Amino acid sequence: MEGLFFNVNGGYVEGIVRGYRNSLLTGQNYSNLTQCESIDDVKLQLGPSYGDFLATLPPNPSTSALAGKMTDKLVSEFRYLIAQSTGSTAKFLEYLTYGYMIDNIALLITGTLHERDTRELLERCHPLGWFETLPVLCVATNIEELYNSVLIETPLAPYFKGSLSHQDLDELNIEIVRNTLYKNYLEDFFNFVNTHPDFAGSPTQDVMSEILQFEADRRSINITLNSFGTELSKQERRKLYPEFGKLYPEGSLMLSRAEDVEGVALAVSAVADYKAFFDAVGLSQGGSGMGGMGGGPADGKSLEDLFYQKEMDMSKLVFTRQFTPAVVYGWMKLKEQEIRNVTWISECIAQNQKERIGNFISVF
Amino acid sequence: MSGAVGREPVFPTRQSLGLMKAKLKGAEVGHSLLKRKSEALTKRFREITRRIDEAKQKMGRVMQIAAFSLAEVSYAVGGDIGYQIQESAKQARFRVRAKNENVSGVYLPQFESYTEEGVNDFGLTGLGKGGQQIQRCRETYARAVETLVELASLQTAFLILDEVIKVVNRRVNAMRMAESTNVYEASMLSFLEQRIPSNVCNLPYRIEQDLANTYQDINSELDELDREEFYRLKKVSNKKQRDNAAADAEILAARERAAEKAAQNGTPPVAESKEPEPETTDVLGEQEDNDVIF
């Protein structure tokens, strides 16, 4: 049924995205990139897909400048999509930007807490997380004002409500604020794709539920792993777990009680995928479970690498579905990974550390 | 190295001789001490140079690894976390303590790094993703900074030691012995003196040589005085002997004459005739002596 009317509103956007997908770098491109001797060579190799955006870069640019230009391209393409979309598709695309908004707001709150000139912070904000009232945040000089008059006006206001008061902003570590917001955002997004009349029962619900569940589980696992050895209590930690996903509720409960990597492995063993990840990187992980030990597996892949790999595979599979705006999500994730890959490769080239240059994730 | 070059402006007396002797002794001891100090410092200096070389090579490696781990972080986090970390750090975790080390009288500052365990300001950064990479990156950078601190301590010691060794060597050279009997050494020194501008190897600074000169001069002058004194005494005693002999002869002659007169005129008073005669002879004798001698 959904195929009948989807193209009336969303057909053009979907077509454009499928076109964008074809310009993503392939394994062949990556193997060419790894052969490069300098950043200029990398720039040349990226020419076909990024040409006009890289043209303004000076010779031998820094890797961050290169990544910045690549992000610019992603941003301009996404802006075009969001301008072309209407109705539920537009709403869906807006949801995609909320993640970046959370990062931006966390940045601004950090700046306000330390009484920095928030104007200079605006330049550091991610352009995708830009919203109309973002500059207004600069008006606020203290955290109470920020909360009462400014944050209420942002699209993220519902995520603040109920879980964070303005006292929390003062006392809590900004990371906890950020993760609380992200948790609320993921739950809201999940709710949106499952209950919105346009999406319920459509391929969008299928793929996005799966992706968001994975995202929620990944966050829960990461938060647990990264909280070992910090002052984050188990109670606080539990509040940061999104309340859906394959791990919810039994796995989440076990995660909240886990005290070391073995505990986490036990908690996720109910889900075959995650169990396979933990087996691949080795359960013991050096035994200590402290932050620094996370990534020392035998084949050079860390747990996060495996999570990224899985995410990319899922994003790639999205393109097998039709009549859904979820392809935009898949494309964005693939594009972001591509930027990370190119940054990694050019870092390796710039620092002359070729032995680990193959440590990127390519799915095409 | 002639003896007349320099000497202390003192009078050649026995007291100043003793003084000079003590000074010369002090200068010799000081010279050997300074020389030993210079050797100890040079040894230390070479060791530091070697360690700086090692530390610099190590720094190259460590900094490379550290920069790479930062690249790993940016890959895992997928964004810039620099600002957040700058803002959340309130207290220094990695601290440096300075202490002094005494190397043969030279105080070398030594920097010692230690980590304040209680301070962990960005423990929650990257909670959502990349936390492990951030922790690892932090540890790598802590090691890198450790190497830098070690290098800084070595470099400071290097600079200070360099300066001190220069000063000590200059002093040692200034004090070098005048009686450097070694012909080769002496010729080399004079050669050096020609080459080195006079303000570097200044003559007034040759303390030991001056002292030795002074000591020798005083000694020879005192000897001279001694000899003069001895000669004078000899002359005086000679003259006294002669005078005595002359006086004895006069007395004898007078007695004989008196005896003759007594024999001719009976017995005149001996004492009367004897008394005026020695006075006249003495006066005469002295005048005659003066005339004869001088």
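Structure: above.
On a predicted model such as this, the values are computed, not experimentally measured, just so you know.

Novice: Can you walk me through a nonpolar patch on the surface in this structure?
Specialist: On the surface, Leu4(A), Phe5(A) and Val8(A) cluster together to form a nonpolar patch covering roughly 360 Å² of accessible area. Inspection of the secondary structure puts Phe5(A) in helix H1 (residues 2-9).

Novice: Quick question: what am I supposed to make of the packing of aromatic side chains here?
Specialist: Describing an aromatic ring pair means giving the distance of the ring centres and the angle of the ring planes. Residue and element names in this part refer to chain A. The tally for this structure, following the rule as stated, stands at 25 aromatic pairs over all chains. Between Tyr274 and Phe277, the ring centres sit 6.4 Å apart and the planes meet at 40°, which makes this aromatic pair tilted. Taken together, the residues Tyr274 and Phe277, both in helix H16 (residues 272-281) and 3 residues apart, mark about one turn of the helix. Consider the rings of Tyr274 and Phe307, whose centres lie 6.3 Å apart with planes at 65°: the pair is edge-to-face.

Novice: Just to check I follow, could you spell out the state of the cysteines for this structure?
Specialist: Covalent bonding between the sulfur atoms of two cysteines is what defines a disulfide. Using the criterion set out here, one finds 0 disulfides over all chains in the structure. Take Cys348(A): it sits in no disulfide, and the sulfur closest to it among the cysteines is that of Cys36(A), at 12 Å. Cys137(B) carries a free sulfur, and the closest cysteine sulfur to it, the one in Cys348(A), is 14 Å from it. Residue Cys137(B) is classed as buried on the basis of its relative accessible area, which comes to 7%.

Novice: Sorry, what's going on with the interface of chain A and chain B here?
Specialist: How big an interface is tends to be reported as the loss of accessible area on association of its parts. Listed as interface residues are 43 residues of chain A and, on the opposing side, 28 residues of chain B. Each partner contributes to the roughly 3,200 Å² buried at the junction of chain A and chain B, and carbon and sulfur atoms together form 52% of this total. If you look at where chain A meets chain B, you find 1 salt bridge. Of the charged contacts in the structure, one is a salt bridge between Glu72(B) and Arg356(A), with a shortest N-O distance of 2.6 Å.

Novice: Explanation requested: the nonpolar core in the structure shown.
Specialist: In terms of nonpolar packing, the biggest core is built from 121 residues, with Phe92(A), Phe189(A), Met208(A), Ile221(A), Val328(A) and Trp331(A) touching the most fellow members. Residues within four places of Met208(A) in sequence aside, it is in contact with Phe92(A), Phe189(A), Val193(A), Ala326(A) and Tyr329(A). Judged by nonpolar contacts, the second largest core, of 25 residues, contains Leu34(B), Phe45(B), Ile48(B) and Ile218(B).

Parameters at a glance
- The written sequence of each chain sets the order in which its residues are numbered from 1.
- Chain labels run from A onward and ligand labels from 1 onward, assigned in the order the entries are written.
- The predicted origin of the model limits local features to residues at a pLDDT of at least 70 and limits the giving and counting of side-chain atom pairs to 80 or more, whereas totals for whole chains, interfaces and linings rest on all residues.
- Side-chain numbers come from the whole structure's heavy atoms, not from hydrogens or water.
- Patch members must show over 30% relative accessible area and no salt bridge, and they are joined within 9 Å when carrying like charges or within 5 Å when they are nonpolar side chains of Val, Leu, Ile, Met, Phe, Trp or Tyr.
- To measure how exposed things are, a 1.4 Å probe is used in the Shrake-Rupley method; for residues, cover is taken only from the protein chains shown.
- We count a salt bridge whenever a side-chain nitrogen from Lys or Arg sits within 4 Å of a carboxyl oxygen from Asp or Glu.
- Helix numbering and strand numbering both begin at the N terminus, where a helix is a DSSP run of H or I of at least 4 residues and a strand a DSSP run of E of at least 2.
- Within 6.5 Å between ring centres, the rings of Phe, Tyr and Trp (the latter by its six-membered ring) count as paired, and their orientation is classed by plane angle as stacked under 30 degrees, edge-to-face over 60, tilted in between.
- To count as a disulfide, a pair of cysteine sulfur atoms needs to be within 2.5 Å.
- Note on exposure labels: buried denotes an accessible area under 20% of the residue type's maximum, exposed denotes more than 50%, and partly exposed covers the range between, all computed with a 1.4 Å probe on protein chains only.
- Throughout, a contact is declared for two residues whenever any of their heavy atoms are within 4.5 Å.
- Two parts placed together each lose some accessible area under a 1.4 Å probe, and the buried area is that loss summed for both.
- Here, nonpolar core means buried Ala, Val, Leu, Ile, Met, Phe, Trp, Tyr and Cys residues that are tied together by side-chain atoms lying within 4.5 Å of each other.

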